[in-house]
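A closer look at the structure
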Amino acid sequence: MISSLFTAKTGNSITQRCRADETTRLRLQYNPFYRTFDRQVGTHVWLDGREIVMLSSNDYLGLTHHPKVIEAAQRGLAEWGTSTTGARLSNGSRTYHRRLEEKLAAFIGKEDCHISVAGYLSCMSAIQAFAQKGDVVLGDKNLHSSIWAGLGLTQARAERFAHNNPADLRALLSFESVETPKIVAFEGVYSMEGHIAALPEILSATKDQNCFLVMDDAHGFGVLGKEGRGTADHFGATDSIDLIAGSLSKALSSTGGFVAGSRDVIEYLRSHSKQTIFSAALAPAQSYAAEAALDLLVTEPQHLQRLWDNTRRYKQILADLKLDFWGSETPAVPIVLGSKERAFRFWQHLLDRGVFTVMSIAPAVPPGKDLVRTAISACHTDEDLSKIADAMAFAARRL
């Protein structure tokens, strides 16, 4: 009788659904995702013992192996151990958290900031903590999953406007009462497309409309603006955005996320964000690493310059091959192939020639926009870019 309790269950609907899932079957058959690398040195990784060039990392400034960042992370471990083993609300808050928050707030140009263990959680909290029943959240239809996940935890009504289309946003707002509280959510840089938000036009559309503006700047922070201060700074509009969310795992070469805004808004978030209240605090090594990387944005501007030099050269390579990079304006560069079959073949050809990228197909992208996502780093060398050019030409000839 007792042994029967531990017999593997095979008959319930959920396990049967998992076993029969077509998406999982195709993923395992073609194996484009969850590839595991053996080693990494800068922009080079080793896959199954073979050295290849990484062309899809978000390490925009190439700081993950910077000696000062590594030394700072080691110092955090030595001084504080591996973890706080607690949430910030209770027993997990430390002076290094506040030091990083104060530096981030000052760098971005906001009064206060709150850091968390993941950029996904930070973006979720930027919506979940503020949207209430009776509010309307208007979001760009290409927003990151984290924003929609945060919205799903609220009772607010959702409306989607066409991607990076302030005219469509304006039209939606015309049907709403000015008195209705509204949250307008958009990205500073859209990571899949490489597009920069049409921020001046968004500000014009939302003027005098009782809107609370939330911008996910995970891919703009460290890349745009003076010394990498982000998309709002790029447009001189920092004071016009109520909440700027972002990531520590991209330009800052760590893990974690942040939300920056006025002191009143951030203190409200600390009171009402489930992601903040119930999550363990950021580990010492990751906080120290992010702080060191943030300092380097100011003291070593050559990394940002190199990033944009590499980006311009890379886009010229794609243009010469007549590859469609969806009008990307940033180092996040898609190569649009139009179907999942073409995207897979292109991805495989690049890998065969020693260049690693990431494939994204519908429904993760709009129908007909199946693509290979690439991203440039300041650490890509001239030799890397020459190898990438050869691989792109090889793959393009076989389309």
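Quick summary incoming for the structure in this document. (Residues numbered from 1 in each chain as written. Predicted model: local features only at pLDDT ≥ 70, side-chain atom pairs only at ≥ 80, totals over all residues. Heavy atoms only, no water.)

**Let's talk about the nonpolar core**
Here is the rule: As used here, the term nonpolar core means buried Ala, Val, Leu, Ile, Met, Phe, Trp, Tyr and Cys residues forming a set that is joined through side-chain atoms within 4.5 Å. Exposed residues in this analysis have more than 50% of their type's maximum accessible area, buried residues have under 20%, and partly exposed residues fall in between, with area computed by a 1.4 Å probe over protein chains only. Counting from the N terminus, the helices are DSSP H or I runs at least four residues long and the strands are E runs at least two residues long.
With 89 residues, the main nonpolar core has Leu104, Phe186, Leu307, Tyr314, Phe346 and Met392 as its most contacted residues. Take this core: its biggest share by element is nine residues, from helix H14 (residues 284-299). Within the second largest apolar cluster, 22 residues are counted, among which are Phe130, Ile147, Phe212 and Val259.

**Considerations on the environment of Gly368**
The residue Gly368 is located in the loop between strand E13 (358-360) and strand E14 (371-375) in this model. On a C-alpha basis, the gap between Gly368 and Thr36 in space is 29 Å, while along the polypeptide they are 332 residues apart.

**Comments concerning helix H8 (residues 145-152)**
The cut-off we apply is this: Throughout, a residue-residue contact means that at least one pair of heavy atoms, one from each residue, lies within 4.5 Å.
By the burial criterion, the buried members of H8 are Ser146, Ile147, Trp148, Gly150 and Leu151. Where H8 is buried, its residues meet helix H7 (119-128), strand E5 (136-140), strand E6 (157-161), strand E7 (182-187) and strand E8 (211-216).

**Section: the pattern of salt bridges**
For clarity, the cut-off: The working definition used for a salt bridge is a side-chain nitrogen of Lys or Arg within 4 Å of a carboxyl oxygen of Asp or Glu.
The final tally for this structure, using the stated rule, is 20 salt bridges. A salt bridge links Arg75 to Glu71; its shortest N-O distance comes to 2.6 Å. Residue Arg75 and its partner Glu71 are located together in helix H4 (residues 67-80), separated by four residues, close to a single helical turn. Owing to a relative accessible area of 33%, Arg75 belongs among the partly exposed residues under this scheme. According to the relative accessible area criterion, Glu71 is partly exposed, its value standing at 38%.

**Considering empty space enclosed by the protein**
Filter applied, for reference: Computed over the protein atoms alone on a 1 Å grid, cavities are sets of points where a 1.4 Å probe fits but cannot get out and pockets are open sets with protein on both sides within 12 Å along at least five of seven lines; a residue lines them when it has an atom within 4 Å of a point. Grid points are joined across faces, edges and corners, and a volume is the space filled by probe spheres set on the points. Note that Gly is not counted as nonpolar here; it falls among the polar residues with everything else outside the nonpolar set of Ala, Val, Leu, Ile, Met, Phe, Trp, Tyr, Cys and Pro and the charged set of Asp, Glu, Lys and Arg.
For the structure shown, the criterion picks out two cavities of 30 Å³ or more. Lining the largest cavity are 13 residues, and of these Gly42, Thr43, Ser57, Asp59 and Ser377 lie nearest its centre. Taken together, the residues of the lining of the largest cavity sort by class into three nonpolar, nine polar and one charged. The space that makes up the second largest cavity amounts to roughly 50 Å³. As for the second largest cavity, its lining consists of Arg88, His114, Ile115, Ser116, Val117, Gln275, Thr276, Ser279, Ala280, Ala281 and Leu282. Elements with a minimum of two residues in the lining of the second largest cavity: strand E4 (112-116) and helix H13 (274-277). Examining the composition of the lining of the second largest cavity, we find that three residues originate from one element, E4, more than from any other. Classifying every residue of the lining of the second largest cavity by side-chain character gives five nonpolar, five polar and one charged.

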